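Given next are the chains, with one letter for each unit.
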Amino acid sequence: MEDCLAKKMEITVSEAEKRTGRNAMNIQETYTAYLIETRAVESQSEGQCAPVDSLWRRYSEFELLRNYLLVTYPHIVVPPLPEKRADFVWHKLSADNMDPDFVERRRIGLENFLLRVASHPVLCQDKIFYSFLTQEGGWKEMVNETGFQLKADSRLKALNATFRVKNPDKRFTELKHYSDELQSVISHLLRVRARVADRLYGVYKVHGNYGRVFSEWSAIEKEMGDGLQSAGHHMDVYAASIDDILEEEEHYADQLKEYLFYAEALRAVCRKHELMQYDLEMAAQDLTSKKQQCEELATGTVRTFSLKGMTSKLFGQESPEQREAKIKVLEEQIQEGEEQLKSKNLEGRDFVKSAWADIERFKEQKNHDLKEALISYAVMQISMCKKGIQVWTNAKECFSKM
Amino acid sequence: QDLSLPNGTPVDTSSPASSSSLLNRLQLDDDLDGETRDLFVTVDDPKKHVCTMETYITYRVTTKTTRAEFDLPEYSVRRRYQDFDWLRNKLEESQPTHLIPPLPEKFVVKGVVDRFSEEFVETRRKALDKFLKRITDHPVLSFNEHFNVFLTAKDLNAYKKQGMALLSKVGESVKYVTGGYKLRSRPLEFAAIGEYLETFSLKLGTIDRIAQRIIKEQLEYLVELREYGPVYSTWGGLEVELSEPLEGVSACIGNCCTALEELSEDMTEDFLPVLREYILYSESMKNVLKKRDQVQAEYEAKLEAVALRKEDRQKVPADVEKCQDQVECFNADLKADMERWQNNKRQDFRQLLMGMADKNIQYYEK
């Protein structure tokens, strides 16, 4: 952890700007660019401020970075990006990508993403990541040169394709199951929360009508007039307060969303493992059958039915030279196969080891973060109630003076 | 001068001074504020009665008094809504110049509400209790003969039949001509009262609608909350370390649901009925004002008639004077009642809105 980049460097995504430019297909488009500012942290100097480096990046570049990390570090639970399009909105929130509130929340999300990567013990050391932060021009080319797209296993893209693994690792199966459940429960939660926010908004806003009526009523009253008028004012305050309250709640929703997407990253690691296991089993199977073939040829016994065996029986056997040649080829293949199997096994074990280490790290991070998120949510709720108490106490006072 | 207060005290209404003395007397009663009250009435203990023809509810009306008009110091009788309705009509007939408090609505507004449900019966009981208490507090109405019978008679139906058979006495009813006379000029103060009542009942109507809307929105919010809480619980089931805090959140949301339910119930049971009551009050007040207008119109018309006819001096003056008296009495009574009504209303609303504020505060504290 001491080597992690986040300790050495201050990273912020400080601004967002609307831009127009030409995209890859030479079509004019509007997009938002984000300013990334970095500054080296001098550990022993006080009052000395290192110069700030900055460059602009757009969302698609962040996506590119993340895809690169996903492929290059398949055993790591890679931090997610903030959502591409506004989802789980309740009626007042805009679903427009250009909406300033959305852009602002995305800016925060992107900063969070960079900080997460920078504080990850493995990811922070990646050179491409470092240049993403520091090198304005030519970064895209650099990434593409790594050829990571070729490494990307297209099979992983088919999310629901099943691979029949004979000896699945129970831990990974459980983990995958957990990540599925987590995704489902968090998205349910976010959906209901959006509806709750919507309704709460309605309740508060209708109270604003009280304000108007009290005001009108106070005009015809003598002794009750002042009391009503000021009470009406409090009702207006009450109705207006919901806007801030719900804005704060959006942050909570964003925190949950991060973990919704994290669940997907977790799932990806499990899938990768599944795939590796599958490849391993396939390779082992292939090796076994080749060995068998070899044995059959050598001993002349046909243990398994094969068309070749049948045809050779029917149409005469091959010459000993042909057989020798075949055996030799097979023996070479078997040797290759055994080496491959060995390295695959090693790969597999390494993968499991490092993946599991990162998963443990992730679990701790998740528990810590979510606990904090829940606490801050509770604090928000309490503060909302306190405000409510205050407004109604004030109103009560006004009424008592009537 | 054959006008007298129902309790037998003669009143001199020919000079303005007497009106104000009447006012003073009434206000004096007000200031006593229960310390030397001599009449206490309560409505409680609703019971369902099932008969062959119908099913209905009766309420126990308990009276405690030291007044000479009553034979016994204590009474306990059973009355049903019909009886209250009868009482109100009788009071309107016999004290037409006074404001009679409103009764809760006769018919249930929404067909969905059960006439025999606990909430409905309780709401009605409270309203009936308030009705009788208001009459009890009224220095004139509380001495009304019909009121006395209502509180004391074992068999009210017999009395009712008796009342219908008798011709109405002169002193008991003032005749109204429907729409015959046009009013010359309405005294400013009554015009003002009329305008005030118009706006007042409008505003109350609006508040009623707002309150109902709020309750509706709150209930919809409640529905969503009820789904929200359990999701945290489900999540807690998935987790190990986080399961406790997640369960905690779920439980808290559950508490919020309960508290919200209580708030909505309280608003429906306590706040809305009072609003409606005052709307009804305004309506009956408007009617009284109309009557007042008509009496004044009659008076003016008669005055005109006298001015035209120069003979018949003996007969008409009595007539006119009678009208004049009636009008003056009317005015005075009305003004007195209005004063008291305003005061009461202020207190009622104060309590009401404070109650609403309180409930909201309690909700948030929970």
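Attention here is on the structure that accompanies the text. (Residues numbered from 1 in each chain as written. Chains lettered and ligands numbered in written order. Predicted model: local features only at pLDDT ≥ 70, side-chain atom pairs only at ≥ 80, totals over all residues. Heavy atoms only, no water.)

1. Remarks on the environment of A:F399
Residues and elements named next belong to chain A. On the secondary structure map, F399 appears in helix α11 (residues 320-400). On the accessibility criterion, F399 (1% relative accessible area) is buried. Separated by 116 residues in sequence, F399 and A283 have C-alpha atoms that sit 82 Å apart. (Helix = DSSP H or I, 4+ residues; strand = E, 2+ residues; numbered from the N terminus. Buried < 20%, exposed > 50% of the residue type's maximum accessible area, 1.4 Å probe, protein only.)

2. What about the sheet that holds strand β2 (residues 28-40) of chain A?
Residues and elements named next belong to chain A. One open sheet holds the three strands; their spatial order is β1-β2-β3, and the pairing between them is antiparallel. Because the sheet does not close on itself, it has two edges, and the strands there are β1 (9-22) and β3 (53-58). Across the sheet, the mean angle from the axis of one strand to that of its neighbour is 25°, orientation sign disregarded. Pairing between β1 and β2: 13 bridges, direction antiparallel. Across the sheet, T12 pairs through a bridge with E37, a residue of β2. Relative to the sheet, helix α2 (residues 59-72) contacts β2 and β3, its axis offset from that of β3 by approximately 90°. Contacting β1 and β2, helix α3 (residues 100-118) runs over the sheet at an angle of about 135° to β1. (Pairing = 2+ DSSP bridges. Axes fitted to C-alpha atoms, helices over the stretch in contact; angles between N-to-C directions. Contact = heavy atoms within 4.5 Å.)

3. Focus: empty space enclosed by the protein
All names here are of chain A. In total, this model carries three cavities of 30 Å³ or more according to the counting rule given. What the largest cavity holds in volume is close to 60 Å³. Residue lining of the largest cavity: I245, E248, E249, M380, Q381, S383, M384 and K387, and that is the complete set. Elements with a contribution of two residues or more to the lining of the largest cavity: α9 (225-299) and α11. Across the lining of the largest cavity, the residue classes break down as three nonpolar, two polar and three charged. (1 Å grid on protein atoms, 1.4 Å probe; cavity = no way out; pocket = protein on both sides within 12 Å on 5 of 7 lines; lining within 4 Å. Points joined across faces, edges and corners; volume = space filled by probe spheres on them. Nonpolar A, V, L, I, M, F, W, Y, C, P; charged D, E, K, R; others polar.)

4. Here's the deal with the packing of α3(A) against helix α4 (residues 127-134) of chain A
Residue and element names in this part refer to chain A. α4 packs onto α3 with a crossing angle of 140° between their chain directions and a minimal axis gap of 11 Å. Of the possible angle classes, the one that applies to α3 and α4 is oblique. In this structure, α3 crosses over α4, and the sense of that crossing is left-handed. Facing α3, whose interface residues are L114, V117 and A118, α4 presents F129, F132 and L133. Looking at the contact of α3 with α4 residue by residue, the classes come out as six nonpolar, no polar and no charged. (Parallel < 35°, antiparallel > 145°, perpendicular 65-115°, else oblique. Left-handed = near helix turned anticlockwise from the far one by under 90°.)

5. A closer look at the pattern of salt bridges
Throughout the structure, instances matching the rule amount to 36 salt bridges over all chains. With a shortest N-O distance of 2.7 Å, B:E224 and A:R195 are connected by a salt bridge. With B:E224 in helix α6 (residues 188-238) and A:R195 in helix α8 (residues 170-218), this residue pair bridges two chains. Judged by its relative accessible area of 11%, B:E224 is buried. Residue A:R195 is classed as partly exposed on the basis of its relative accessible area, which comes to 33%. Ionic contacts of the salt-bridge type, sharing partners, join the residues A:E83, A:R105, A:R193, A:E249, A:E250, A:D254 and A:K257 into one network. (Salt bridge = Lys/Arg side-chain N within 4 Å of Asp/Glu carboxyl O.)

6. With respect to the side chain of B:T62
Secondary-structure assignment places B:T62 in strand β2 (residues 55-65). Those residues in contact with B:T62 that lie beyond four places of it in its chain are B:F40, B:V41, B:T42, B:D44, B:Y75 and B:S76.

7. Describing the side chain of B:D83
All names here are of chain B. Looking at the element boundaries, D83 is found in helix α2 (residues 81-94). Judged by its relative accessible area of 8%, D83 falls in the buried class. Those residues in contact with D83 that sit more than four places away from it in its chain are F150, L156, N157 and K160.

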